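# Descriptive analysis of the structure
Listed here are the chains, written in short residue letters.
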Amino acid sequence: MTDSFNPAIRTLMGPGPSDVHPRILSALARPTIGHLDPEFVRMMDEVKSMLQYAFQTKNELTIPVSAPGSAGMECCFVNMVEAGDKVIVCQNGVFGGRMKENVERLGATAIMVEDEWGKAVDIAKVEQALKDNPDAKIVAFVHAETSTGVCSDAKALCALAHKHDCLTIVDAVTSLGGSELKVDEWGIDAIYSGTQKCLSCVPGLSPVSFNDKAIEMIKNRKTKVTSWFLDLTLVMGYWGANAKRAYHHTAPVNALYGLHESLVMLEREGLENSWARHAHNHLALRAGFEAMGLEFVVAEADRLPQLNAVTIPEGVDEAAVRSRLLNEYNLEIGAGLGALAGKVWRVGLMGHSSRAENILLCLSALEAVLSDMGANINVGVTIPAAQKAFNA
Ligand SMILES: *Cc1c(COP(=O)(O)O)cnc(C)c1O
């Protein structure tokens, strides 16, 4: 006989999922009701309007896709891109590469604008690509690149794209709720996010939002959307404003209770307060890392507060450190990916994970493990440095 699965209680400070607040976990355990039940429909409407707040948009088509962030990405591309189209794809980390995959699998051409990992998307290079490709239809980029912790200038990139008659697809999986993001003010046309990063909900849902220009582009398609499940013209019959709530697929009822609760918590805290909390806590973690002697990969002006990529001290077996943190302290931090594999750790301060007790645990556990392994770090200074930053 197999026993019930009872996971260890971990502190999640990697690139996602982040710590899920107990209030959200208990919301998940509420009784399942039918997904066409009027009570559930009322809850769906509240989720939509709270998502509009989180995204800072009035877009009617603002819904959670019933699948993780990668499906939100695919939803944007599969609806807006057709075979033969040209899409400018900015890549400065892992996720831009996935955008390219999406574009190419749809039979469209990805014009790549590449920047070094850890650098923000270079606006001048994007402008050149737009000039060289006047027939491009869309500019796609990652706002908060989780593989490196860099933030790109979404507002400037959207303004530039519009100047060249392109629409924009923006990956905001890691930015939503954690740092400034203003869909309407910045003119973002299509955007997708995830629930397990700064919203601190469970993984498996992807909030998306499309403005009127994006919807018009979808309505004017020459060909059918190649995915049945993600075809927005069908999904809108279920989630749309005056939709008949026709059966499309069975909504993940309990996961949506969780999202509802996390959005209630975000509303209560206030979006700007949440951004400020992430920024303040980042400064404390940063002070602690720098006192120890670890360095940030990303230039200060472009750093994400919710994802901190730092260098590994000389001669340290980075995987051994992560496994000791997990086994001895129940603490998860992230490894480097792609070009940064083996060179950095990625420490997330996302949503409910962004709090003082996590920061002090991370800094003290890392100091203990690194000094035990004989690494060349400054000892005894990390906690006072973080404490000073908390008080600032
Ligand atoms: C996590 C992440 C994704 C993918 O989300 P999943 O929920 O893992 O599918 C996409 N883009 C970025 C920037 C992410 O951080």
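In the block above lies the structure referred to throughout.
Since the model is a prediction, treat every value here as computed from it, not as a measurement.

Here is what the cut-offs are and how they apply
- Residues numbered from 1 in each chain as written.
- Predicted model: local features only at pLDDT ≥ 70, side-chain atom pairs only at ≥ 80, totals over all residues.
- Heavy atoms only, no water.
- Core = buried A, V, L, I, M, F, W, Y, C linked by side-chain atoms within 4.5 Å.
- Buried < 20%, exposed > 50% of the residue type's maximum accessible area, 1.4 Å probe, protein only.
- Contact = heavy atoms within 4.5 Å.
- Pairing = 2+ DSSP bridges.
- Helix = DSSP H or I, 4+ residues; strand = E, 2+ residues; numbered from the N terminus.
- Axes fitted to C-alpha atoms, helices over the stretch in contact; angles between N-to-C directions.
- Polar contact = N/O pair within 3.5 Å; in protein donor to acceptor, adjacent residues only side chain to side chain.
- Near = heavy atom within 4 Å.
- Areas by Shrake-Rupley, 256 points an atom, 1.4 Å probe, with all protein chains shown as cover.
- Nonpolar A, V, L, I, M, F, W, Y, C, P; charged D, E, K, R; others polar.

### Focus: the nonpolar core
- In this structure, Met80 and Phe210 are the most contacted members of the largest nonpolar core, which totals 93 residues.
- When neighbours within four sequence positions are excluded, phenylalanine 210 is seen to be in contact with Asn59, Leu61, Cys75, Cys76, Met80, Asp189, Ala190, Ile215, Ile218 and Leu232.

### As for the sheet that holds strand E1 (residues 11-13)
- Taken in spatial order, the 4 strands line up as E1-E12-E13-E11 in an open sheet, and their pairing is mixed. The strands lining the two open edges of the sheet, one partner per strand, are E1 and strand E11 (307-311). For this sheet, the mean inter-axis angle between neighbouring strands, taken without regard to orientation, is 30°.
- With 3 bridges connecting them, E1 and strand E12 (residues 331-335) associate as parallel partners. Its bridge partner lying in E12, leucine 12 is registered against glutamate 332.

### Re the side chain of serine 175
- Mapped onto the secondary structure, serine 175 falls in the loop between strand E8 (167-171) and helix H7 (183-186).
- Among the polar contacts listed, one links the side chain of serine 175 to the side chain of histidine 143, at a separation of 2.9 Å.
- Leaving out residues up to four positions away in the same chain, serine 175 has contacts with His143, Ala144, Leu181 and Gln306.

### Overview of the site of the ligand
- The ligand sits among Pro68, Gly69, Ser70, Phe95, Val142, Ala144, Thr146, Asp171, Val173, Thr174, Gln196 and Lys197.
- At 2.8 Å, a backbone N or O of glycine 69 approaches an oxygen atom of the ligand.
- For the ligand, a nitrogen atom lies 2.7 Å from a polar atom in the side chain of aspartate 171.
- Bound to the protein, the ligand loses 88% of the 380 Å² it would expose on its own.
- Here the shell around the ligand is built from residues that sort into 5 nonpolar, 5 polar and 2 charged.

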